[in-house]
Amino acid sequence: MKSFFVSCIVFLCFQACGQRPKDAAQANIPMKDLPKSEAEWKAKLTPDEYYILRQKGTERPFTGKFVMHSEKGVYTCRGCGAHLFSSNSKFDAHCGWPSFDKEIKAGVIKETVDNSLGMRRVEITCGKCGGHLGHIFDDGPTETGLRYCVNSVSLSFEASK
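This write-up is about the structure you can find in this document. These figures come from a predicted structure and were not determined experimentally.

1. Considering the sheet that holds strand β7 (residues 132-137)
Then, in step 1: A sheet is described by the order of its strands in space; here 6 strands give the open sequence β3-β4-β8-β7-β6-β5, paired in antiparallel fashion. Two strands close off the open sheet at either side, each with one partner strand: β3 (90-91) and β5 (109-114).
Then, in step 2: As defined by bridge partners, β3 adjoins strand β4 (residues 99-100) across 2 bridges and the pair is classed as antiparallel. Looking at β4, one finds that K90 is bridged to F100.

The structure is reproduced here in C-alpha cells:
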C-alpha cells in the first residue's frame, strides 16, 4: 500500500497543465568549450549528471541537495556553467524539486513540448548546452504564475559575495 501511495504522489508531481512553450531564443553564449560528442559528455559528467542532463532523467523527489537550499546567489547549469536562476526567484513548492518562478534572463532556458509518459508537459533545457533541467508548469504561486521544476543534479550554485 505504501508503494502505491508513493507512486501516486510521484505521478501527481509529474502532472502538467497542457501548457505550451514560449518562444525563447537560445542564449548567445560561445559553444567552443562544450563537449562535442556524447562520449565527451559522459567523461565530463558523473553517471547521475549524465543520466539527467543528457538522457532526460529525473531524480527522486525530496532527494536533491537544492530542494531546501536557501543561500543567496545564482544557480547555474551543471553541464556548462550558464547562469539560469537567481536565488531571489526560488520558492518552496512542496513538490520535491527546487522550484523557481523565472529564469535569470530571457533566453537562457529553452522550452519544448514533452509528450512522454502519457502526458503533455513543457521540458526546460539549458539554452547553452541543451542539458535537461526539468519541466515548467503554470501553477506557480507567485505573480509570474510559473513553476520551473528543476532537478538538483542539473544545477550548481555560486554564492553571493
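2. Quick notes on the sheet that holds strand β2 (residues 83-86)
Then, in step 1: In spatial order, the strands read β2-β1-β9; together these 3 strands make up an open sheet with antiparallel pairing. At either end of the open sheet lies a strand with only one pairing partner, and these are β2 and β9 (155-159). The average angle at which neighbouring strand axes cross in this sheet is 30 degrees, direction not considered.
Then, in step 2: Bridging between strand β1 (residues 73-77) and β9 involves 5 bridges; their strand directions are antiparallel. The residue bridging Y75 from the neighbouring strand is F157, located in β9.

3. Considerations on the nonpolar core
Then, in step 1: L84, F85, I109, Y148 and V150 are the most contacted members of the largest nonpolar core, which totals 25 residues.
Then, in step 2: Of all the secondary structure elements, the ones that give two or more residues to this core are α3 (47-53), β1, β2, β6 (121-126), β7, β8 (147-150) and β9.
Then, in step 3: Tallying contributions element by element places β6 first for this core, with 3 residues.

4. Here we look at the pattern of salt bridges
Then, in step 1: All told, the structure shown has 5 salt bridges when counted by the stated rule.
Then, in step 2: When the shortest N-O distance is used, the salt bridge between R78 and E49 registers 2.6 Å. Residue R78 is located in the loop between β1 and β2, and its partner E49 is located in helix α3; the two are separated by 29 residues in the primary sequence.
Then, in step 3: Residue classification places E49 among the buried positions, given a relative accessible area of 8%.
Then, in step 4: One salt bridge in this structure joins K56 and E123, with 2.9 Å as the shortest N-O distance. Of this pair, K56 sits in the loop between α3 and β1 while E123 sits in strand β6, and the two are 67 residues apart along the sequence.
Then, in step 5: E123 sits in the buried class, given a relative accessible area of 6%.

Thresholds, definitions, all that
- Residues numbered from 1 in each chain as written.
- Predicted model: local features only at pLDDT ≥ 70, side-chain atom pairs only at ≥ 80, totals over all residues.
- Heavy atoms only, no water.
- Pairing = 2+ DSSP bridges.
- Helix = DSSP H or I, 4+ residues; strand = E, 2+ residues; numbered from the N terminus.
- Axes fitted to C-alpha atoms, helices over the stretch in contact; angles between N-to-C directions.
- Core = buried A, V, L, I, M, F, W, Y, C linked by side-chain atoms within 4.5 Å.
- Buried < 20%, exposed > 50% of the residue type's maximum accessible area, 1.4 Å probe, protein only.
- Salt bridge = Lys/Arg side-chain N within 4 Å of Asp/Glu carboxyl O.

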